[in-house]
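Observations on the three-dimensional arrangement
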Amino acid sequence: MTNYQSPLLNSAGSSSSLQSVKKEEHRLCLCGRRARVYTSWTLKNPERRFYTCATPKEGEGCQFFQWFEEDFSPRALEMITHLNHMRIYLEEKLKLVEENLSKNVENKRL
């Protein structure tokens, strides 16, 4: 079974979005580097943006985390929520298709 993950998403279910952050909204993390902005795509915090250390936590990262508070228009929130639900639906459907394909390949071998 293929495990597909968008190259824009990290393993925590978030994507980087530095280009849309205004210059005055940049934050420095605890180690003095400019913090990166990510968007959460978890079910608990969909479409919420946050700052975190640009250095991976496994490396020399300082564990900095702060929510990026930003108002989205109601239409933007509606679209983001719809797209997130569609993504979840398509991931589930892909999983079923891959399972069926695997069963069909197994049956042809017998």
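What this report covers is the structure whose coordinates are included nearby. All figures in this text were calculated on a predicted structure; none of them were measured in a lab. (Residues numbered from 1 in each chain as written. Predicted model: local features only at pLDDT ≥ 70, side-chain atom pairs only at ≥ 80, totals over all residues. Heavy atoms only, no water.)

Let's talk about the overall build of the protein chain
Definition in use: Secondary structure elements are defined from DSSP: runs of H or I of at least 4 residues count as helices, runs of E of at least 2 residues count as strands, and each element is numbered from the N terminus. Working definition: with a 1.4 Å probe on protein chains only, accessible area under 20% of the residue-type maximum means buried, over 50% means exposed, and in between means partly exposed. The protein chains shown are the only cover counted for residues, whose accessible areas, like all others here, come from Shrake-Rupley with a 1.4 Å probe.
Within the protein chain, the secondary structure is distributed over one helix and four strands. Going from the N terminus to the C terminus, the protein chain shows its helices and strands as β-β-β-β-α. By residue count, 24% of the 110 residues in the protein chain fall in the buried class. Entry remark: accessible area of the protein chain is about 8,600 Å², with carbon and sulfur atoms responsible for 55%.

Brief notes about the environment of Phe68
Mapped onto the elements of the fold, Phe68 is located in strand β4 (residues 65-68). Of the residues examined, Phe68 reaches a relative accessible area of 6% and is grouped as buried.

Notes on helix α1 (residues 74-109)
Cut-off, in case you're wondering: Any helix carries an expected span of 1.5 Å times its number of residues minus one.
With 36 residues, α1 should cover 52 Å at 1.5 Å per step; its first-to-last C-alpha distance of 53 Å lies within 8% of that length. Considered for burial, the residues of α1 that qualify are Ile80, Asn84 and Glu98.

Focus on the packing of aromatic side chains
Note the cut-off: In this analysis, rings of Phe, Tyr and Trp, with Trp reduced to its six-membered ring, are considered paired at centre separations within 6.5 Å, and the interplanar angle assigns stacked below 30 degrees, edge-to-face beyond 60, and tilted for intermediate values. Only Lys NZ and Arg CZ are tested; either one counts as a charge over a ring when it is within 6 Å of the ring centre and within 35 degrees of the ring normal.
Considering all chains together, one arrives at five aromatic pairs under this definition. Between the aromatic rings of Tyr38 and Phe50, the centroid separation amounts to 5.9 Å while the plane-to-plane angle is 25°, which identifies the pairing as stacked. Taken together, the residues Tyr38 in strand β2 (residues 36-40) and Phe50 in strand β3 (residues 49-52) connect sequence positions 12 residues apart. Given the relative accessible area of 11%, Phe50 is considered buried. Grouping aromatic residues by their ring pairs yields a cluster made of Tyr38, Phe50, Phe65 and Trp67. Above the ring of Trp67, the side-chain terminus of Arg48 is found at 3.7 Å from the ring centroid. Taking the ring centre of Phe68 as reference, the NZ or CZ of Arg49 above it sits at 4.3 Å.

Quick look at the pattern of salt bridges
Selection criterion: The salt bridge criterion pairs a side-chain nitrogen of Lys or Arg with a carboxyl oxygen of Asp or Glu, the two atoms within 4 Å.
What the rule picks out here adds up to two salt bridges. Residue Glu78 is joined to Arg75 by a salt bridge in which the shortest nitrogen-to-oxygen separation is 2.9 Å. You can see Glu78 and its partner Arg75 sitting in helix α1, three residues apart, about one turn around the helix. One salt bridge in this structure joins Arg87 and Glu91, with 3.1 Å as the shortest N-O distance. Of the two residues, Arg87 and Glu91 are both situated in helix α1; the distance of four residues between them amounts to about one turn of the helix.

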